[in-house]
Amino acid sequence: MTGVRARGERIRRYILDRIGESPEDVTRAASERFGITRQAVNKHLQRLVNEGVLTRSGATRARVYRLAPMVIWSDRFEIQPGLAEDVVWARKVKNILADVPDNISDIWEYGFTGMFNNAMDHSEGSAIDVHIRKTAVTTEMLIADDGRGIFRKIQHEMKLLDERHAILELSKGKLTTDPDRHTGEGIFFSSRMFDSFDIMSGGVFFSHEFKDAEDWITETDRSSVGTSVWMSLGNHTARTPKQIFDQYTSGDDYGFTKTVVPVKLAGYGSDRLISRSQAKWLLARIELFRTVLLDFDEVETIGQAFADEIFRVFALQHPDIELIPVSAGPEVQKMIARAKARL
């Protein structure tokens, strides 16, 4: 009976994971995956519905199953003296996530306390709203403030031409407008720990997904007030904070020495990456790192001046910094090789 029970659990776990990613035709997919009849799959689906894990809608031939929210929680916190992110975590949020494995709890603690503290210290707002939605598969969290807006503030503090340039700086890490109290590492590492990590502020949207190496940005038609951070994480992932830190740190002191820079963020829309000015925007604060992976994904070509500024001028000025181009296509590789040939 133990083997039968274990197989049943595997089937139900597959069903939940499949519905979480793609709810269409889960019956057929499970039937083919485990070599069982559709009727057998339907029994597992019915059990999950009875347990309140799934919801069901539609007639028999068009029946759709969805993950049921097992927890929906919201609260508002006024930004005032005495508010502390660790206290909110310990007294409120941690209890909601009490049944997840320790590694999952550790990731949520890092992400929540970091983003909540950012809203307290940087937003210049009056309140922070926290929303949590938890299913059997995934937990989602939204932290939103009514303040100035993170991209607008970075643009002003760093004297950038555009809010979108703030996202390029955020994607590198080690960015803070308050270096006496913050290291600027929280957003970078949080964006790498979660399955999905999104920030919306003003009319600009920043997103990073764990399965993708690069960040991406988009613009929206409406301008939002304040800053909203949305994080999503599977309840059964084996990922740990240490694994993420180890990818970008070195030495016994865990110094943050490595970063990945999405080159495409140096240009927007149909902008071509051709000028030295664009290269300089891309290279801003790069001297804070020892190893820099320049991700050329979705960059079809670059100009001679752009390549020369990075791979000859900057390389000569900073011989101790390792610049590693990745995901570069043939045309980009030619321009990089041409610049390096002049070293």
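Preceding this section is the structure that the text describes.
Residue positions are counted from 1 within each chain, in the order its sequence is given. Restriction of local features to residues with pLDDT of at least 70 applies here, the model being predicted, together with a cutoff of 80 or more for giving and counting side-chain atom pairs; totals for whole chains, interfaces and linings are based on all residues. Where side-chain values are given, they derive from all heavy atoms of the structure, hydrogens and water being excluded.

K.L.:
How should I be thinking about the pairing of strand E5 (residues 138-145) in this particular structure?
P.N.:
Remember that side chains alternate between the two faces of the sheet whenever the strand is regular. Two strands pair if DSSP finds at least two bridges between them. Per the convention used, a helix needs a DSSP run of H or I reaching at least four residues, while a strand needs a run of E reaching at least two, with both numbered from the N terminus. Across 7 bridges, strand E4 (residues 127-134) lies against E5 in antiparallel orientation. Of the residues in E5, the one forming a bridge with Arg-133 is Glu-140. As consecutive antiparallel partners, E4 and E5 are separated by 3 residues.

K.L.:
Help me understand unusual backbone geometry in this model?
P.N.:
Leave glycine aside and you will find that most residues have negative phi; peptide bonds, for their part, are mostly trans. Backbone geometry places Arg-285, a non-glycine residue, at a positive phi of 70°. You can see Arg-285 is positioned in the loop between helix H10 (276-283) and strand E11 (291-295). Accessibility expressed as a relative area gives 14% for Arg-285, which makes it buried. The buried label applies to any residue whose accessible area, calculated with a 1.4 Å probe on protein chains only, is under 20% of its type's maximum; exposed applies above 50%, and partly exposed to all values in between.

K.L.:
Explain the sheet that holds strand E12 (residues 322-326) to me, please; I cannot follow it from the model alone.
P.N.:
What holds strands together in a sheet is hydrogen bonding between their backbones, with the strands either parallel or antiparallel. Strand order in the open sheet formed by 3 strands is E10-E11-E12, with parallel pairing between adjacent strands. Each having just a single partner strand, strand E10 (258-262) and E12 make up the two edges of the open sheet. The mean angle between the axes of side-by-side strands here comes to 20°, regardless of whether they run parallel or antiparallel. Here the axes come from fitting lines to C-alpha atoms, over the contacting stretch only for helices, and the angles between their N-to-C directions go from 0 to 180 degrees.

K.L.:
Looking at this structure, how should I read the environment of Thr-249?
P.N.:
Counting through the fold element by element, Thr-249 comes out in strand E8 (residues 249-250). Between the alpha carbons of Thr-249 and Thr-291 there is a distance of 10.0 Å; along the sequence they are 42 residues apart.

K.L.:
Hey, could you run me through the packing of aromatic side chains in this one?
P.N.:
Any aromatic ring pair is given by two values, namely how distant the centres are and how the planes are angled relative to each other. Here a Phe, Tyr or Trp ring, Trp counted by its six-membered ring, pairs with any other such ring whose centre lies within 6.5 Å, and the pair is stacked when the planes are under 30 degrees apart, edge-to-face when over 60, and tilted otherwise. Applying the stated criterion across every chain yields a total of 9 aromatic pairs. Here the aromatic rings of Phe-188 and Phe-189 are separated by 5.4 Å at their centres, their planes lie at 90°, and the arrangement is edge-to-face. Taking the relative accessible area as the measure of exposure, Phe-188 reaches 1% and is therefore buried. The structure contains a cluster of three or more aromatic residues connected by ring pairs, namely Phe-77, Trp-89, Phe-112 and Phe-116.

K.L.:
Even after reading the chapter, I still don't get a negative patch on the surface, so can you show me in this structure?
P.N.:
Nonpolar side chains (Val, Leu, Ile, Met, Phe, Trp, Tyr) within 5 Å and like charges within 9 Å form the patches, drawn only from residues with over 30% relative accessible area and no salt bridge. All accessible areas in this document rest on Shrake-Rupley with a 1.4 Å probe, and a residue is counted as covered only by the protein chains that are shown. Basic side-chain nitrogens of Lys or Arg form a salt bridge, by our definition, when they fall within 4 Å of a carboxyl oxygen of Asp or Glu. Positive residues here are Lys and Arg, negative ones are Asp and Glu, while His and the chain termini are left out of the count. Every charge is mapped onto a representative atom, which is NZ of Lys, CZ of Arg, CG of Asp or CD of Glu. Residues Asp-86, Asp-102, Asp-106 and Glu-109 make up a contiguous surface patch of negative charge. The greatest single-element share of the negative patch, amounting to 3 residues, is contributed by helix H5 (residues 102-122). Take Asp-86: it is sitting in helix H4 (residues 85-96).

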